[in-house]
Amino acid sequence: MAEKIYAGKSVSVTDDGYLTDASQWTKEIAAEIAKEEGIDITDKHYAVIDFIREKTLKGEALTIRSIGKSGVVDTKGFYDLFPGAPLKKASRIAGIAKPSSCV
Amino acid sequence: MANTIDHPVKKVMIICAKASIEDVYAALVMANGAVMEGIEAKVFFTFFGLDAITKKQMKKLHTGTVGNPGMRMPGGLPFPTILGMLPGVEAGVSAMMKSQMEKLDIPPVDEFLELITAGGGEIYACKLAVEMFKLKKEDFSEHVKDIITIGQFYELAAGEGTQIIFT
């Protein structure tokens, strides 16, 4: 556990860099974490992140399949927006915990 | 965790040679999991595993109810092998497994292949087995990239950080 400054705000993060408290998240923080992941954040990214946050805060499990079916983005689009490891990157940018899903 | 930084897995080559639900899904979950982690994944279906990528068979996969010591009744009691021989039992057990998987958001085979290929994973059919079962390219799911020889499979495996996995 560590403190990190994003967008002028101090937030606590895990060793892998995930926010420990989703309520500390702001859009500006998301943009800075995205930059660390090599992503220039756009409205499309925010649309996906909003969906992810909404679903997670409701306590629903997050899978690539559920995001692909969300109507916000299809699976291929999701991989294109967050290249490499989309679920991990998107979760980190969305300020939620590291995903624990196997699918 | 130093090892994960020094020698990350960069590519997995997964071989599936059987058609039972558990064998096929083991291969698919591993392939999809790799793609999700940004690891290159290629799945090679051979022998009875071809059922998983054949349009006619992919939706009808079963789990064996005979000679399967892991089988139990709902509730945990032993599952008598003789029961597994009765008509309809294997289909019923297979349907139950599929519905349990759906609850965990594990997709049906065709949708799973779509997930894997959407993430950049590749699906191949074994040329020798395709010829043996007298199948043609058009018999396969659209997600099958090619029918290849074992030699081509090893060519695709080239590179540092590749793991070959036989499920």
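Some details on the interface of chain B and chain A
In many analyses, interface size is given as the accessible surface area lost on bringing the parts together.
Part 1 of the argument: Listed by partner, the interface residues are 17 residues for chain B and 16 residues for chain A.
Part 2 of the argument: For the chain B and chain A pair, buried surface summed over both sides reaches about 1,300 Å², with 56% attributable to carbon and sulfur atoms.
Part 3 of the argument: When the area that chain B buries against chain A is broken down by residue, the three leading residues are B:M36, B:D105 and B:L115, summing to 45%.
Part 4 of the argument: Applying the counting rule to chain B against chain A returns five salt bridges.
Part 5 of the argument: Between B:D105 and A:R65 there is a salt bridge, with its nearest N and O atoms 3.0 Å apart.
Part 6 of the argument: Every element with two or more residues in the side of chain B that touches chain A is listed here: α2 (21-36) and α5 (109-118) of chain B.
Part 7 of the argument: Considered class by class, the residues forming the side of chain B that touches chain A number 10 nonpolar, three polar and four charged.

A word on the side chain of A:K55
Part 1 of the argument: Relative to the assigned elements, A:K55 resides in helix α2 (residues 43-57).
Part 2 of the argument: We classify A:K55 as buried; its relative accessible area is 14%.

Re the state of the cysteines
Residues and elements named next belong to chain B.
Part 1 of the argument: What the rule picks out here adds up to zero disulfides over all chains.
Part 2 of the argument: Not engaged in a disulfide, the cysteine C16 finds its nearest cysteine sulfur in C126; these two sulfurs lie 12 Å apart.
Part 3 of the argument: The class for C16 is buried, based on a relative accessible area of 0%.
Part 4 of the argument: The buried category is assigned to C126, whose relative accessible area is 9%.

Some words on the side chain of B:T65
Residues and elements named next belong to chain B.
Part 1 of the argument: Counting through the fold element by element, T65 comes out in the loop between β2 (40-45) and α3 (81-84).
Part 2 of the argument: Of the residues examined, T65 reaches a relative accessible area of 1% and is grouped as buried.
Part 3 of the argument: In terms of polar contacts, T65 uses its side chain to reach the backbone carbonyl oxygen of G84, at 3.0 Å.
Part 4 of the argument: Residues contacting T65, with those up to four places away along its chain left out, are M71, F79, T81, G84, V89, E90 and V93.

Topic: helix α1 (residues 27-36) of chain A
All names here are of chain A.
Part 1 of the argument: Buried residues of α1: I29, A30, I33 and A34, and no others. The buried residues of α1 occupy one face: seen down the axis, they fall within an arc of 140 degrees. Exposed side chains of α1 directed beyond 90 degrees from the buried face belong to E28 and K35.
Part 2 of the argument: Elements in contact with the buried residues of α1: β1 (2-6), β2 (9-13), α2 and α5 (86-93).

Rules used in this analysis
Residues numbered from 1 in each chain as written. Chains lettered and ligands numbered in written order. Predicted model: local features only at pLDDT ≥ 70, side-chain atom pairs only at ≥ 80, totals over all residues. Heavy atoms only, no water. Contact = heavy atoms within 4.5 Å. Buried area = accessible area lost by both parts, 1.4 Å probe. Salt bridge = Lys/Arg side-chain N within 4 Å of Asp/Glu carboxyl O. Helix = DSSP H or I, 4+ residues; strand = E, 2+ residues; numbered from the N terminus. Nonpolar A, V, L, I, M, F, W, Y, C, P; charged D, E, K, R; others polar. Buried < 20%, exposed > 50% of the residue type's maximum accessible area, 1.4 Å probe, protein only. Disulfide = S-S within 2.5 Å. Polar contact = N/O pair within 3.5 Å; in protein donor to acceptor, adjacent residues only side chain to side chain. Arc of directions from axis to C-beta.

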